[in-house]
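Residues per chain are reported as follows:
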Amino acid sequence: MKLKRINALPKGKEIQLPASKSIANRALIIQALSKEDIVISNLSNARDTQTMLQLLQDEGQVKDVKDAGTTMRFLTAFYALQNDSFILQGTERMHQRPIGILVDALRSLGAQINYLGEEAYPPLEIHPFQPINACQELVIDSSISSQYISALLMVAPLLPNGLFFKLQGKTASKPYINMTLELMQQFGITLRHYENKIRVNPGRYSGGELKVENDWSAASYWYSFLILSDLEELYLPGLQENSLQGDAVIAAIATVFGIETSFDVKGAILKKEAKEFPTELKLNVQNCPDLAQTLAVLCGVTGVELHLDGIHSLRIKETDRVKALQSELARLDIAVEDLGESIKVHGKTLQTLPKNLSIATYEDHRMAMSFAPLVHLGELEIQNQEVVAKSYPNFWEELQKMI
Ligand SMILES: O=C(O)C1=C[C@@H](OP(=O)(O)O)[C@@H](O)[C@H](O)C1
Ligand SMILES: C=C(OP(=O)(O)O)C(=O)O
């Protein structure tokens with residue numbers, strides 16, 4: 001897809017965001033685990049949400065999660081505790097995303113899981129659960145992916161004694177664990193959480209209603225869009241200030257670039273004030289890994305030297321996001337230094353884009369969306385535009401309205 005700005009930009013436009021796929025996929029698992037009615041509204045047409053919905057409704061025993069990490073991890077725990085057999089598989093990339101920590105933990109509770117390919121990676125074969133009553137405590141490495149912990153937390157109340165978790169290592173993506181705990185409590189589960197210890201009491205999920213919030217990770221592309229544009233204001237309906245989503249931190253980070261966010265009852269109002277950008281910025285994305293590409297590209301083209309810490313989980317997402325950023329920012333002559341535990345983006349202030357710029361997306365929706373705001377600097381092509389379907393199917397339509 002070729003992107004090119006044609007019009008003078010309108011003022012104060014409204015952008016439709018997708019609903020959060022993270023909240024939706026938790027709500028769908030909780031709904032499936034509850035014996036009572038749970039009514040969920042504002043589910044998006046994002047592929048990750050629709051895949052979860054279809055797999056939970058479908059009677060088949062072969063479950064293809066495609067490229068959805070949460071769907072893979074949450075369904076592994078969900079099906080492992082049932083009295084039936086299932087196969088869980090996904091895309092080629094999904095089969096390269098580790099799952100051994102979750103499988104080991106489930107096995108220690110009595111799950112019967114085999115690897116059909118490489119040890120510790122999907123696809124998985126799951127056989128009926130044989131509960132081990134003695135196991136009431138899990139000591140688990142939480143440094144690789146919070147999704148393993150969320151998956152286990154949601155099924156924990158169904159175990160006869162609940163479950164006690166001791167999280168080891170530097171916990172990755174902590175706000176997503178808090179999101180899981182909040183939603184479990186909203187649906188009647190009692191638990192205690194103190195530092196790296198979580199006690200989930202046995203219990204049943206109660207009925208109720210949930211309206212899924214709109215997605216803050218998706219909003220980050222519009223923050224970047226506004227910063228790079230000559231617009232003064234954007235309106236993002238469906239975002240909440242008191243959000244379950246850790247990526248709401250983009251509002252605080254964007255103040256450095258002159259964006260102030262305020263809220264009315266319906267959503268977020270983003271206003272831009274002229275401000276000199278910093279020459280250097282130090283950020284840690286351990287709690288908000290999905291913002292990494294937005295921030296790296298934005299700082300890359302605005303001349304900010306960005307030191308990004310907490311990046312280790314980026315290497316096992318839809319693609320190796322460190323490598324993908326290095327390759328694609330290199331097309332703009334922007335170097336990304338890989339320092340192991342962190343990266344340094346050597347930003348340059350770009351006034352225009354090189355001729356015939358074409359950005360590869362590596363089957364990663366966030367690569368496509370994080371580079372799209374560069375349309376304010378010139379013409380560019382984003383390859384395999386359909387990748388955005390994973391989280392934000394109408395992203396391009398929203399963008400076309402604005403350029
Ligand atoms: O639980 C969730 O909904 C998610 C957790 C994060 O993954 P990790 O915990 O693997 O970092 C995040 O990157 C992903 O997009 C969604
Ligand atoms: C990492 C992501 O998703 P998942 O792990 O659920 O595939 C993402 O959406 O950026």
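What counts and how
Every chain begins its residue count from 1, and numbering advances along the sequence as written. All chains are assigned letters beginning at A, and all ligands numbers beginning at 1, according to the order in which they are written. Only residues with pLDDT of at least 70 get local features here, since the model is predicted, and only at 80 or more are side-chain atom pairs given and counted; chain-wide, interface and lining totals rely on the full set of residues. For the purposes of this entry, the term helix denotes a DSSP run of H or I that reaches at least four residues, the term strand denotes a run of E that reaches at least two, and both are numbered from the N terminus. Counting other C-beta atoms within 10 Å of each residue's C-beta, where C-beta atoms are placed from the backbone, gives the exposure class: buried for 20 or more, exposed for 12 or fewer, partly exposed between. By the convention adopted here, residues make contact when the C-beta atoms placed from their backbones lie within 7 Å. Any two strands are treated as partners once DSSP identifies two or more bridges connecting them. Axes here mean lines fitted to C-alpha atoms, for a helix over just the part in contact, with angles spanning 0 to 180 degrees between N-to-C directions. As used in this record, a residue near a molecule or strand is one whose C-beta atom, placed from the backbone, is within 6 Å of it. Gly is put with the polar residues, along with every residue not named as nonpolar or charged; the nonpolar set is Ala, Val, Leu, Ile, Met, Phe, Trp, Tyr, Cys and Pro, and the charged set is Asp, Glu, Lys and Arg. How far each domain reaches was decided by an automatic or database domain assignment. In this usage, the nonpolar core is the set of buried Ala, Val, Leu, Ile, Met, Phe, Trp, Tyr and Cys residues whose C-beta atoms join them within 7 Å.

### Focus on the overall build of the protein chain
Part 1 of the reasoning: The secondary structure content of the protein chain amounts to twelve helices and 21 strands.
Part 2 of the reasoning: Dimensions of the protein chain, computed from the C-alpha atoms along their principal axes, are close to 65 × 45 × 40 Å.
Part 3 of the reasoning: Buried residues in the protein chain amount to 47% of all 403 residues.
Part 4 of the reasoning: Taking the intrachain contacts of the protein chain between residues at least 6 apart in sequence as the baseline, contacts between residues at least 24 apart amount to 72%.

### Overview of the sheet that holds strand β4 (residues 62-64)
Part 1 of the reasoning: An order of β4-β5-β7-β6 is seen for the four strands of this open sheet, with the pairing classed as mixed. Two strands bound the open sheet, and with one partner strand each, they are β4 and β6 (112-115). Strand-to-strand twist across the sheet, computed as the mean angle between neighbouring axes with direction ignored, equals 20°.
Part 2 of the reasoning: With three bridges joining them, strand β5 (residues 86-89) and strand β7 (residues 124-127) adopt antiparallel strand pairing. By the bridge assignment, I87 is partnered in β7 with E125.
Part 3 of the reasoning: Running over the sheet, helix α3 (residues 69-80) touches β4, β5, β6 and β7 and is turned about 170° from β5.

### Let's talk about the pairing of strand β15 (residues 267-272)
Part 1 of the reasoning: In this structure, strand β13 (residues 233-237) lies alongside β15, joined through five bridges in antiparallel fashion. Within β15, the residue paired with P237 across the bridge is G267.
Part 2 of the reasoning: Relative to β15, strand β14 (residues 259-263) is paired through five bridges, and the arrangement is antiparallel. Paired with S262 across the strands is I269, a residue of β15.
Part 3 of the reasoning: Remark: three residues form the turn of the hairpin made by β14 and β15, two consecutive strands paired antiparallel.

### Observations regarding the site of ligand 2
Part 1 of the reasoning: Residues in contact with ligand 2, as listed here, are A68, G69, T70, D290, K317, E318, R366 and S391.
Part 2 of the reasoning: Per-class residue counts for the shell around ligand 2 are one nonpolar, three polar and four charged.
Part 3 of the reasoning: When residues of the shell around ligand 2 are sorted by domain, at least three fall in each of domain 1 (2-18 + 214-402) and domain 2 (21-211).

### Quick word on the site of ligand 1
Part 1 of the reasoning: In the vicinity of ligand 1, the contacting residues are S22, T70, S145, S146, Q147, S150, A172, S173, Y176, P289, D290 and S313.
Part 2 of the reasoning: Of the residues forming the shell around ligand 1, the biggest block, three residues, is contributed by helix α5 (residues 146-155).
Part 3 of the reasoning: Looking at the shell around ligand 1, its residues break down into three nonpolar, eight polar and one charged.

### Quick look at the nonpolar core
Part 1 of the reasoning: Core analysis: the biggest nonpolar cluster contains 68 residues, and A296, L308 and A372 have the highest contact counts within it.
Part 2 of the reasoning: The greatest single-element share of this core, amounting to nine residues, is contributed by helix α7 (residues 216-228).
Part 3 of the reasoning: Other than its neighbours up to four places away in sequence, A296 contacts L306, L308, L325, V336 and V345.

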